[in-house]
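# Structural description and commentary
For reference, the chains in residue letters:
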Amino acid sequence: MARSLDGLVLSPVADQAPGQVGTATRFAYHEEDGRVWAEYAGGDVVRGHLVGTREGDRLDFRYVQLKRDGRTASGHCVSTVVELPDGRVRLEETWEWESQEGSGTSVVEQLPS
């Protein structure tokens, strides 16, 4: 199992569509006893939160965010935690909006120290 996400800051490796998370978004992760949560902001997202669980290298969480245009959005994501050769962590994500149409995949990586 890859190491704990607790205290790590991650960011997407590529921009998504406008109004979604992108390379300017920062996720501050917390993890304790199989529970995972994060606060995030940056780019088109003013504030976001995610909460869920971790079993081995699999995360299952829901997220909600407030966008710059004042709209809110929420969805569900399943991620695989991967440890990179340099020791950083990558999340390979499959997500789906629940508040609007749309789904996709994304990759977020731990920022270098």
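This one's a predicted model, so the numbers in the text were calculated from it and none came from an experiment.

Here we come to the overall build of the protein chain. Summing up its helical and strand segments, the protein chain has 0 helices and 8 strands in all. Overall, the protein chain shows an N-to-C arrangement of helices and strands of β-β-β-β-β-β-β-β. Overall, the protein chain is about 35 × 25 × 20 Å in size when its C-alpha atoms are taken along their principal axes. Within the protein chain, buried positions represent 39% of all 113 residues. Here the protein chain displays about 6100 Å² of accessible surface, and carbon together with sulfur accounts for 50% of that area. The distance from the centre of the 12 positive side-chain charges to the centre of the 19 negative ones in the protein chain is 4 Å.

The next subject is the nonpolar core. In this structure, Leu5, Tyr29, Tyr63 and Leu91 are the most contacted members of the largest nonpolar core, which totals 23 residues. Mapped onto this core, the elements with two or more residues apiece are strand S2 (26-32), strand S3 (35-42), strand S4 (45-55), strand S5 (58-67), strand S6 (72-83) and strand S7 (89-97). Here the element with the most residues in this core is S7; it accounts for 4 residues. Sequence-distant contacts of tyrosine 29, defined by excluding residues within four places in its chain, comprise Leu5, Asp6, Gly7, Leu8, Leu10, Val36, Trp37, Ala38, Leu50, Phe61, Leu91 and Glu93.

With antiparallel pairing, 8 strands are arranged side by side around a closed barrel as S1-S2-S3-S4-S5-S6-S7-S8. Neighbour to neighbour, the strand axes of the sheet diverge by 30 degrees on average, direction disregarded.

Okay, unusual backbone geometry next. Phi at aspartate 33 is positive, roughly 50 degrees, even though this residue is not glycine. Residue placement: aspartate 33 occurs in the loop between S2 and S3. For aspartate 33, a relative accessible area of 65% corresponds to the exposed category.

To continue, consider the packing of aromatic side chains. Taken as a whole and judged by the stated rule, the model has 4 aromatic pairs. Here the aromatic rings of phenylalanine 27 and tyrosine 40 are separated by 4.6 Å at their centres, their planes lie at 25 degrees, and the arrangement is stacked. Taken as a pair, phenylalanine 27 in strand S2 and tyrosine 40 in strand S3 lie far apart in primary sequence, 13 residues in all. Overall, phenylalanine 27 belongs to the buried group, its relative accessible area being 7%. Through successive ring pairs, a cluster of aromatic residues spans Phe27, Tyr29 and Tyr40.

Let's shift gears to empty space enclosed by the protein. All told, the structure shown has 1 cavity of 30 Å³ or more when counted by the stated rule. When its volume is computed, the largest cavity comes out at roughly 190 Å³. Forming the walls of the largest cavity are 15 residues, and the residues nearest its centre are Val21, Phe27, Tyr63, Glu93 and Trp95. For the lining of the largest cavity, the secondary-structure elements that each account for two or more residues are S2, S5 and S7. Among the residues forming the lining of the largest cavity, the class breakdown is 10 nonpolar, 4 polar and 1 charged.

What counts as what
- Residues numbered from 1 in each chain as written.
- Predicted model: local features only at pLDDT ≥ 70, side-chain atom pairs only at ≥ 80, totals over all residues.
- Heavy atoms only, no water.
- Helix = DSSP H or I, 4+ residues; strand = E, 2+ residues; numbered from the N terminus.
- Buried < 20%, exposed > 50% of the residue type's maximum accessible area, 1.4 Å probe, protein only.
- Areas by Shrake-Rupley, 256 points an atom, 1.4 Å probe, with all protein chains shown as cover.
- Lys, Arg positive; Asp, Glu negative; His and termini not counted.
- Charge placed at Lys NZ, Arg CZ, Asp CG, Glu CD.
- Core = buried A, V, L, I, M, F, W, Y, C linked by side-chain atoms within 4.5 Å.
- Contact = heavy atoms within 4.5 Å.
- Pairing = 2+ DSSP bridges.
- Axes fitted to C-alpha atoms, helices over the stretch in contact; angles between N-to-C directions.
- Phe/Tyr/Trp six-rings, centres within 6.5 Å; stacked < 30°, edge-to-face > 60°.
- 1 Å grid on protein atoms, 1.4 Å probe; cavity = no way out; pocket = protein on both sides within 12 Å on 5 of 7 lines; lining within 4 Å.
- Points joined across faces, edges and corners; volume = space filled by probe spheres on them.
- Nonpolar A, V, L, I, M, F, W, Y, C, P; charged D, E, K, R; others polar.

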